[in-house]
Amino acid sequence: MLSLLPLCSFRLGHSDNVTHLKPFYHHVIAQAEPSDICVAAANPSHYYVVGNKGSIGEIDENGVILRKTKNSLCDYEGVCMMGNTILAVDESARRIDFVNESDFKVTRSIFVHYGGPRNKGFEGITYVPSQKKFIMVTERPALLFELNDQLQVTAEVKMPQFYELSSVTYHDGFLYFLSDEAHEVMKCDLTDYHIIQRWKIPVTNPEGICFDKDNNLLIVSDDMATLFKFKMQ
Amino acid sequence: MKKVLTILFSAFLLVPAFNYAQDGAEQYQGGHTLNFNGNVIEIGGFTTFYYQMRPKYTGDTKSSSNNVFTVDDARLSLRGWIQGKLMFHFEYNFAALGAWLGVDPTTSKPGAAPTTSPKDQPLTECHFTYRTPYLDIKVGYMKVPYGLLNLEDKIGSAFLERTKFGNGDYDPRRDAGVMLEKSFWHKHIDLSAGVYSGMGENIIFGVQDPSGRFSYAGRAEFSNVPLKWVEWDMNNRSQPAFRLGLNAKENDKTQFSGNGSLTWDANGENVRTIDGEKFSYGGDATAMWHGFSAIFEWTQSEMTPHNDGNGLEALLAQESAVSHKQVNHLYDGAWYLEGAYYSGLLRSGVAVRYDEYNLEQNITIQGAPNHQLRSCVFAYVFNIPKTFLQFKFDYAYRIPLAHGAGPSAHWSEDEMRVGFQYQF
């Protein structure tokens, strides 16, 4: 059994072609259980962070909280921008809330059906402007959902290349997937989702991913409630 | 045969260990979620089916074979979330219903004769939780926050069978009451405390304690990653994870004879609920890394019998006479050590477990005096997407300890079980 350990390590995502990153900055976010992050449309130096206690917050580039809502006790796990509207995904309810960027008020909601266990719903969402479509992912099994700009599901794609997913973001023509348990960021092609490059990040329970205007990788950790910044290599 | 099994068991001991629940990398969490305008209902459940081989032992008076096919679980679970603020959970084990009632379908007029094992009653969860921004308030019939194995779901265990430590034989697992729960420091610290009837599973029979006294129980957990006992999906972490738990429980009951008696063990006082005050405390430690895990859990009880001429009081007098000093309390304890390894690549896990019980004389766990129990299991998880089907081979045998050994030194539950669990 012990001789199988190297195989098990491979199963967990340990591979020679993975680049190991080290954060050059980190800061604790004063928000309960942050689970995803996206760049604010109104100010590209600011970011919106959602927490799985149901709060939405705005942080500056240093991770300092500028404003946030009270915990609504819903289960936000994903966030992205569509124009000037924040889209926050409630994993348990399979609901997408349209949130006003200026006052964080929920203006409307829609439901996207997904069966399975309650806490194995949608973990991440991002918008691909060039194709006018949304991408949503589930944790395990790792599934990718393509949605049109009316948030109607147009395709469900199995992602066997991933053991588990915790978030997704679109940046510079590529999709970047985040795996909580493998502690990896994976850059993927936008058409067939094959993996182009992988990075290992030394972060406990990474749940949110986005990029800043300087192309730095931003990761939020749920367990540590911390913002990490990495320079991509 | 016994030598072969002992060698097999020893070989398993060489394999570093785990808690299958934490480590089941391929484990699919069952349930199907339905959404009704923001209110969510999750329908799920699981079944356990196995073939059991129990060899005859010297002095076994049972004429029939102990080798049978059995359905141990047929559980239906309904969980609901109302606007995220109110949660409910209802779970019923249909397989336990007939056994619990003691219905004999072969008689012309089958009647219900309640089993002597209240832990087997089929209602397993019936409670709701009101979530506030500050703490959660749980009300109903629930698992008492005492002991890690007590709180762990059966489907999350590698073993087909719980030990007496955690199956309700040693201590009641469930009770009716109110529990408060609060997490701190991003769930690294979790505190639970509740007030209960103290009657354990007997409360479902409607059996009350004449004294009307409550039971109090509490648990504190600390972990380097959020490993709250209700969230077992923290699988195969690449960083080392550990957790420490501490429990305490106080239960002061008055047993009485006649209709509704709590004394359901004819061989003597049962350790579950005594006629007197029982103060229990214990702790557990869990470590996990890359599929390897280990658990140690222990519990200890201090018992102070009431002065009403029951069996425990006589035992107290006996111990006082032997020690030539006044003995006011009786003590018992138990502990277990479990280790496991799970390979996600092979979709297989092995686990070993050792549990030991140190009870006062004449106090039994459902008829079993002091003993050690060794068990091991091999489990394989089938590769069927969105499904959790696993095959298990489970072997357990008991070694009686000198104290308390006697006519019942042989245990009727040395057994091998080969079976399946399916979660939907």
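Model, not experiment: these values are computed from the prediction.

Let us now look at the overall build of chain A. Looking only at helices and strands, one finds 1 helix and 21 strands in chain A. Expected size for 233 residues packed as a compact globule is a radius of gyration near 17 Å; at 17 Å, chain A falls within 12% of this value. Overall, chain A is about 55 × 40 × 35 Å in size when its C-alpha atoms are taken along their principal axes. The burial tally for chain A puts 60% of its 233 residues in the buried class.

In terms of regular secondary structure, chain B is built from 5 helices and 17 strands. Out of the 424 residues belonging to chain B, those deemed buried represent 54%. For chain B, restricting intrachain contacts to residue pairs at least 6 apart in sequence, the fraction spanning at least 24 positions comes to 66%. Carbon and sulfur atoms provide 63% of the accessible area of chain B, an area that totals close to 17,800 Å².

Right, let's get into the packing of aromatic side chains. All names here are of chain B. Applying the stated criterion to the full structure yields 23 aromatic pairs over all chains. Here the aromatic rings of Phe292 and Tyr341 are separated by 4.3 Å at their centres, their planes lie at 35°, and the arrangement is tilted. Remark: Tyr341 occurs in strand S13 (residues 330–343) and Phe292 occurs in strand S12 (residues 292–305); sequence separation between them is 49 residues. The two residues Phe292 and Tyr341 agree in class, both being buried. Here a set of aromatic residues connected by ring pairs shows up, and it is made of Tyr380, Phe382, Phe391 and Phe420.

Our next topic: the sheet that holds strand S3 (residues 34–39) of chain A. All names here are of chain A. A sheet is described by the order of its strands in space; here 4 strands give the open sequence S3-S4-S5-S6, paired in antiparallel fashion. Single-partner strands in this sheet number two, and they are S3 and strand S6 (65–68). When the angles between neighbouring strand axes are averaged without regard to direction, this sheet yields 25°. Pairing of strand S5 (residues 56–59) with S6 involves 3 bridges; the strand directions are antiparallel. Each residue of the ladder has a partner; that of Glu58, found in S6, is Arg67.

This next bit is on the nonpolar core. Residues and elements named next belong to chain A. In this structure, Leu87, Ile96, Ile125, Phe134, Met136 and Leu151 are the most contacted members of the largest nonpolar core, which totals 17 residues. The set of elements that each furnish at least two residues to this core consists of strand S8 (85–90), strand S9 (95–100), strand S11 (122–128), strand S12 (133–138) and strand S13 (143–148). Among all residues touching Leu151, those that are not within four sequence positions of it are Leu87, Ile96, Phe98, Ile110, Val112 and Phe134. Grouped together as the second largest cluster of nonpolar side chains are 15 residues, Val128, Ile135, Phe162 and Leu175 included.

Our next topic: the pairing of strand S15 (residues 167–171) of chain A. Residues and elements named next belong to chain A. Summarising burial for S15: 4 of the 5 residues are buried, a large majority. Judged from the 5 bridges that link them, S15 and strand S16 (residues 174–179) form a sheet pairing that is antiparallel. Residue Val168 lies in a different strand from S16, and its bridge partner there is Phe177. The hairpin formed by S15 and S16 contains 2 residues between the paired strands, and Asp172 there has a positive phi angle of roughly 55°.

This brings us to the sheet that holds strand S14 (residues 153–158) of chain A. All names here are of chain A. Here 4 strands make up an open sheet; going across it, the order is S11-S12-S13-S14 and the pairing antiparallel. Strands at the two margins of the open sheet, each flanked by one partner only, are S11 and S14. Each strand axis lies, on average, 20° off the axis of its neighbour in the sheet, ignoring direction. Summarising the sheet, S13 and S14 pair through 5 bridges and their orientation is antiparallel. Bridge pairing in S14 places Glu146 opposite Ala155.

Attention shifts here to the side chain of Glu201(B). All names here are of chain B. Locating Glu201 in the fold gives a position in the loop between strand S8 (189–196) and strand S9 (215–223). By relative accessible area, Glu201 is classed as buried at 1%. Side-chain polar atoms of Glu201 contact the backbone nitrogen of Arg173, separated by 3.0 Å.

Turning next to unusual backbone geometry. All names here are of chain A. Geometrically, the link from Arg140 to Pro141 is a cis peptide bond, its omega value of 5° lying close to zero. Among the secondary structure elements, Pro141 is positioned in the loop between S12 and S13. The residue Lys132 is not glycine, and still its phi comes out positive at about 50°. Along the chain, Lys132 turns up in the loop between S11 and S12. Lys132 sits in the exposed class, given a relative accessible area of 54%. If you check the backbone angles, Asn215 has positive phi at about 65° while not being a glycine. Positionally, Asn215 belongs in the loop between strand S19 (206–211) and strand S20 (217–221).

Let us now look at the side chain of Arg219(B). All names here are of chain B. Counting through the fold element by element, Arg219 comes out in strand S9. The exposure class assigned to Arg219 is buried, which follows from its relative accessible area of 3%. Reaching out from Arg219, the side chain makes a polar contact with the side chain of Glu221 at a distance of 3.0 Å. A polar side-chain atom of Arg219 sits 2.6 Å from a polar atom in the side chain of Asn247.

The pLDDT averaged across chain A works out to 88; a share of 93% of its residues lies at or above 70. Across residues 1–15 of chain A, confidence stays below pLDDT 50; counting only partners more than four residues off in sequence or on other chains, it has 25 contacts.

Turning our eyes to something else, we now look at the environment of Arg108(A). Residues and elements named next belong to chain A. Assignment of secondary structure puts Arg108 in strand S10 (residues 106–111). A residue is classified by how much of its surface remains accessible, and Arg108, at 47% relative accessible area, is partly exposed. Residues Arg108 and Phe98, spaced 10 residues apart in sequence, show a C-alpha to C-alpha distance of 5.3 Å.

Attention now moves to the pattern of salt bridges. If charged atoms from side chains of opposite charge come close, those side chains can pair. Residue and element names in this part refer to chain B. Using the criterion set out here, one finds 19 salt bridges over all chains in the structure. The salt bridge partner of Arg75 is Glu91, with a shortest N-O separation of 3.1 Å. With a gap of 16 residues between them, Arg75 in strand S3 (residues 68–82) and Glu91 in strand S4 (residues 86–93) connect regions that are remote in the sequence. Both residues of the pair, Arg75 and Glu91, belong to the buried class. In this structure, Glu161 engages Arg417 in a salt bridge whose closest nitrogen and oxygen atoms are separated by 3.6 Å. Of this pair, Glu161 sits in the loop between helix H4 (148–151) and strand S7 (174–184) while Arg417 sits in strand S17 (residues 415–423); the two residues are 256 residues apart in sequence, bridging distant segments of the chain.

So, how was this worked out
- Residues numbered from 1 in each chain as written.
- Chains lettered and ligands numbered in written order.
- Predicted model: local features only at pLDDT ≥ 70, side-chain atom pairs only at ≥ 80, totals over all residues.
- Heavy atoms only, no water.
- Helix = DSSP H or I, 4+ residues; strand = E, 2+ residues; numbered from the N terminus.
- Rg over C-alpha atoms; globule rule 2.2 N^0.38 Å.
- Buried < 20%, exposed > 50% of the residue type's maximum accessible area, 1.4 Å probe, protein only.
- Contact = heavy atoms within 4.5 Å.
- Areas by Shrake-Rupley, 256 points an atom, 1.4 Å probe, with all protein chains shown as cover.
- Phe/Tyr/Trp six-rings, centres within 6.5 Å; stacked < 30°, edge-to-face > 60°.
- Pairing = 2+ DSSP bridges.
- Axes fitted to C-alpha atoms, helices over the stretch in contact; angles between N-to-C directions.
- Core = buried A, V, L, I, M, F, W, Y, C linked by side-chain atoms within 4.5 Å.
- Polar contact = N/O pair within 3.5 Å; in protein donor to acceptor, adjacent residues only side chain to side chain.
- pLDDT = per-residue confidence, 0-100.
- Salt bridge = Lys/Arg side-chain N within 4 Å of Asp/Glu carboxyl O.

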